[in-house]
Amino acid sequence: MDRIFRVNMSSLKVSEEKVSGDYSGLGGRGLTSMVVSKEVPPLCHPIGQHNKLVITPGLLTGTTAANSGRLSIGAKSPLTGGIKESNVGGTAATKLARLGVAAIIIEGKPEKGKLYGLAVSKDGVKLFPADDLKGLGNYELVEKLQAKYDKKTAIISIGPAGEMKMAMASIAVTSTNGYPSRHAGRGGMGAVMGSKGLKAIVVDDTGAEKVAIKNPDLFKEASQKFVKALREHPVTSEGLPKYGTNVLAGVINEAGGYPTRNFSSGRFEGTDKISGETMYEVISKRGGKTTHSGCTTCIIQCSNEYVDEKGKYITSGLEYETIWANGANCGIDDLDAIARIDRLCDDYGFDTIEMGCTIGVAMEAGVKEFGDAKGAIELIHEAGKGTPLGRIIGNGAGFTGKAFGVTRVPVVKNQGMPAYEPRAIQGIGVTYATSTMGADHTAGYATATNIMKVGGYVDPLKPDGQVALSQNLQITTAAVDSAGLCLFIAFPALDIPECFEGVIGMLNGRYGWNLTADDVAALGKKILKVERDFNERAGFSNLDDRLPEFFKEEKLPPHNLTFLVPDVDLDKVFKF
Amino acid sequence: MQITVKLHASLRPYGRSDSKDGFFPLETSKKTTVREVIRELGIPPEKVRMILLNGRGADSESVLSNGDRLALFPPEMAFNMYVAISFRRDLNHQKKS
C-alpha cells in the first residue's frame with residue numbers, strides 16, 4: 001500500500017507516486033490529515049480549485065484483520081471551514097488497499113458543468129466522462145454502474161446534494177449488499193467531490209495480489225487474539241449484531257441524554273417505538289435482516305436491512321444516529337417514516353445526522369411542527385431538488401438557524417451535534433466543543449465511561465474528570481481511525497486488554513514495526529496536533545472550542561442541569 | 001412503596017406479563033435495595049450489567065425510595081470505557097475496592 005494517485009481535474013491527468021517522507025507510516029485519518037495539512041492552503045475556498053479530496057484506506061485495511069474495512073475521506077470542510085476526516089465502511093477501502101493504493105488525491109477543478117467518473121483497477125486509475133450520470137440519485141447511479149462494470153465493484157459516489165455542493169452532502173460507498181447505504185456523512189465531503197466534478201469512483205480489485213505481511217506468524221497470532229475479544233464481548237457478539245447501533249437508544253434515553261425536540265429535553269416519550277428492541281421485532285416480523293455485515297471483513301455485523309409491511313426493501317444500515325436525529329430530535333416516533341428518511345438521505349446523498357439536526361431547527365422555527373414525519377420528508381425532497389427552501393435546509397443546521405432567526409441551534413464549528421446531550425453526559429460535551437472536527441461523537445466517545453459505573457467512575461452529570469476523559473479518548477480514536485478499524489472495537493477494547501494488544505500486534509506483524517501502546521498514543525497525539533495546527537492557520541482559536549450559549553443557560557430535563565465544564569478547562573484538552 | 005421498573009432486551013422476559021416495552025410498576029417494602037428487586041424478579045445477577053436509577057448510574061446496594069424509576073440493562077447493552085484509558089497510566093483513576 002504505497003501508491004499515491006493524484007487526479008488533477010483541471011488538466012484531467014492522473015499521475016502516480018510512491019509514499020515517502022511525512023506520509024510514510026500513515027494511513028486512514030493520519031494520512032488524510034497529513035496531506036490536507038501539507039497541501040491544502042488553510043484559507044482556500046472549500047469548493048474551489050485549491051481544496052483537495054483525500055481518500056485513504058487504513059493501515060490494516062486489505063489484510064484479513066477483522067473489522068478493517070474503513071475508509072477515510074479528508075479535505076477542508078465546506079461546513080466547518082476547518083479540517084475534516086469523514087469515516088465510512090462498505091466495500092471500497094479493502095479493494096483499494098488490495099490494489100496497493102495508499103491514497104487517491106483529487107485536485108483542481110474541471111471546466112464548468114463537466115462531470116467525470118474515475119475507474120480504479122489493477123490496470124491503473126483512469127478518468128471517464130460522466131455527463132450522462134448527472135443528477136442521478138445514488139441508488140440509480142450504483143445500479144447503472146454495476147450493470148456497466150460489474151456487480152461486485154465497489155462504488156464511491158455522490159448524489160444530487162453533492163453535485164449541488166450543499167454543505168451537508170455526503171459521499172456514499174456501496175455496502176456488501178451492493179446498495180449505496182454506507183456514507184462518509186459528516187462535514188460536506190460530498191460537496192468537495194461535487195466541486196471537483198467527480199460523480200463516482202469505481203473500484204475493481206480483480207487480479208490484485210494479496211497484501212504482503214512482513215511477519216505472518218505474529219500477524220496471525222495477533223489477529224486471532226483480536227477476533228477472540230470481539231467474539232467474547234457481549235456488546236460486539238450479541239447486542240450490536242441483534243439490535244444494530246440502535247442498541248444504544250434505550251440506554252441513552254434512560255440516562256436522560258437523548259436529545260429531544262431540538263435539544264430541549266433529554267428523554268423522549270416515544271423512544272420505545274423507535275428503540276433497538278422494537279426495531280428488532282419489526283424487522284424480524286416482516287422478514288428483513290436484523291443482522292448484516294455491511295462492511296468487508298466485519299464480524300460484528302451491526303448493519304440491517306429494513307423492509308416495509310409487505311417485506312419490500314426500504315433501506316439498509318439504519319443506525320442509532322439516524323433514528324435519533326430524524327426521530328427523537330424531531331419529535332417523530334414512527335420507525336417506518338424514519339426508515340424512509342434514511343433511504344431518501346442515502347439516495348440524495350445527505351448526512352443523516354446533519355439532516356435531523358437541521359429539520360429540528362426548522363421545526364423550532366415553525367417551518368414544520370415537531371412530530372410531523374410527512375413534513376420532514378417534504379423538507380428532504382425540497383433539499384434534494386434544490387428549491388430555495390431546499391438550499392437553506394441542505395446547507396445544515398447552522399445555516400438554517402441563521403435563515404430563520406433561531407437561537408437554539410445545536411452546532412459546534414457549524415457542525416450539527418450528534419445523539420448525546422452535553423448537559424447529561426458532560427464528557428461528550430467536552431469532545432463536541434474541542435474536537436478538531438466540530439461537534440463529533442466518534443472523535444472522543446465519552447459516553448459509556450460516563451454512564452457505566454465500573455472501577456473508576458466519572459459521573460456524567462458532573463464536570464469533574466471530563467477533560468482528562470475526553471482528551472484520552474480523542475487521542476485513542478485518532479489512532480484507531482488511522483488503522484482502518486471500525487470504532488466499535490472500542491467496546492471489547494475497553495474491557496478485554498487482549499483486544500488492543502491484538503491491534504498493536506497486527507500493525508507490527510503487517511509492517512515489521514515495534515509499536516507499543518505508548519507509540520499508539522503518540523500517533524494519536526501527532527494526528528491531533530496536525531489537525532489543530534491546520535485549524536489555527538484556517539482562523540480558528542480556542543474561542544471556537546465552545547458550546548452554544550443555551551447549553552450553559554437552559555436547564556435540561558430530566559436532570560435539570562446545564563453544561564458545567566468551565567471554558568478554562570476546555571482549553572486544557574489540547575495541552576499535551 | 002411503589003417504584004417503576006424498566007427491563008431492557010434479554011431481561012424483558014423477567015418482567016410481568018402485562019408489562020409494555022419492559023415497563024411496569026412494582027410494590028416493594030421500605031429500604032429495599034436494587035439487589036433485592038433483582039432477586040425478586042428472578043433475574044440471575046450476572047445478567048444485570050448496568051443499573052440506572054432515576055437516570056443515574058447505581059449499583060446493586062443502592063436503596064430505593066418511593067416513586068423511583070429503576071432501569072436494568074443486560075451485558076449486550078453495557079460497555080466500559082476504562083480499559084481504554086488503562087494504557088494511559090497517567091490518567092488511571094483509583095479503582096474502587
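Above this text is the structure in question.
Attention in this report is confined to the structure presented alongside it.

All names here are of chain A. Counting buried residues along strand 12 (residues 198–203), six of its six residues qualify, which places the element largely inside the surrounding structure. Taken together, the five bridges between strand 7 (residues 116–121) and strand 12 define a ladder with parallel strand orientation. Following the sheet pairing, Val120 is matched in strand 12 by Val203. Pairing between strand 9 (residues 154–157) and strand 12: four bridges, direction antiparallel. Bridge pairing in strand 12 links Ser157 to Ala200.

It is worth spelling out the sheet that holds strand 14 (residues 303–307) of chain A at this point. All names here are of chain A. Taking strand neighbours across the sheet as the criterion, the three strands line up as 13-14-15 in an open arrangement whose pairing is antiparallel. Looking along the sheet, the strands with just one partner apiece sit at the ends: strand 13 (289–292) and strand 15 (313–316). If you compare each strand with its neighbour and ignore which way they point, the axes differ by 25° on average. Direction of pairing for strand 14 relative to strand 15: antiparallel, over a ladder of three bridges. Paired with Tyr306 across the strands is Thr315, a residue of strand 15.

The subject of this paragraph is the packing of helix 19 (residues 466–483) of chain A against helix 22 (residues 517–537) of chain A. All names here are of chain A. Orientation of helix 19 relative to helix 22, taken along the N-to-C sense of each, is 95°, at an axis distance of 7 Å. Our classification of the angle between helix 19 and helix 22 gives roughly perpendicular. Of the residues in helix 22, those in contact with Gln474, Ile475, Thr476, Ala478, Ala479 and Ser482 of helix 19 are Val520, Ala521, Leu523, Gly524, Lys525, Ile527 and Leu528. Considered class by class, the residues forming the contact of helix 19 with helix 22 number eight nonpolar, four polar and one charged.

Turning our eyes to something else, we now look at the sheet that holds strand 7 of chain A. Residues and elements named next belong to chain A. Here six strands make up an open sheet; going across it, the order is 8-7-12-9-10-11 and the pairing mixed. Looking at strand neighbours, the two that pair on one side only are strand 8 (124–129) and strand 11 (182–184), the edges of this open sheet. Within the sheet, the average angular offset between the axes of one strand and its neighbour, ignoring direction, is 20°. Taken strand by strand, helix 3 (residues 138–148) contacts strand 9, strand 10 (171–173) and strand 12, and its axis lies near 140° from that of strand 9.

Here is what the cut-offs are and how they apply
Numbers given for residues are sequential positions, taken from 1 along each chain in its written order. Both sets of labels track the order of writing: A upward for chains, 1 upward for ligands. Local features in this predicted model are restricted to residues of pLDDT 70 or higher, and side-chain atom pairs are both shown and tallied only at a pLDDT of 80 or more, whereas totals for entire chains, interfaces and linings draw on every residue. Whether a residue is buried, exposed or partly exposed follows from its count of other C-beta atoms within 10 Å of its own C-beta, namely 20 or more, 12 or fewer, or something in between, respectively; the C-beta atoms are built from the backbone. Strands here are runs of E lasting at least two residues and helices are runs of H or I lasting at least four, both read from the DSSP assignment and numbered beginning at the N terminus. For two strands to be treated as a pair, DSSP must find at least two bridges joining them. Lines are fitted to the C-alpha atoms to define the axes, a helix being fitted only along its stretch in contact, and any angle between axes, read from their N-to-C directions, falls within 0 to 180 degrees. To sort the angles, those under 35 degrees are grouped as roughly parallel, those over 145 as roughly antiparallel, those from 65 to 115 as roughly perpendicular, and the leftovers as oblique. Throughout, a residue-residue contact means that the two C-beta atoms, derived from backbone geometry, are no farther apart than 7 Å. The residue classification treats Ala, Val, Leu, Ile, Met, Phe, Trp, Tyr, Cys and Pro as nonpolar and Asp, Glu, Lys and Arg as charged. All others, Gly included, are polar.

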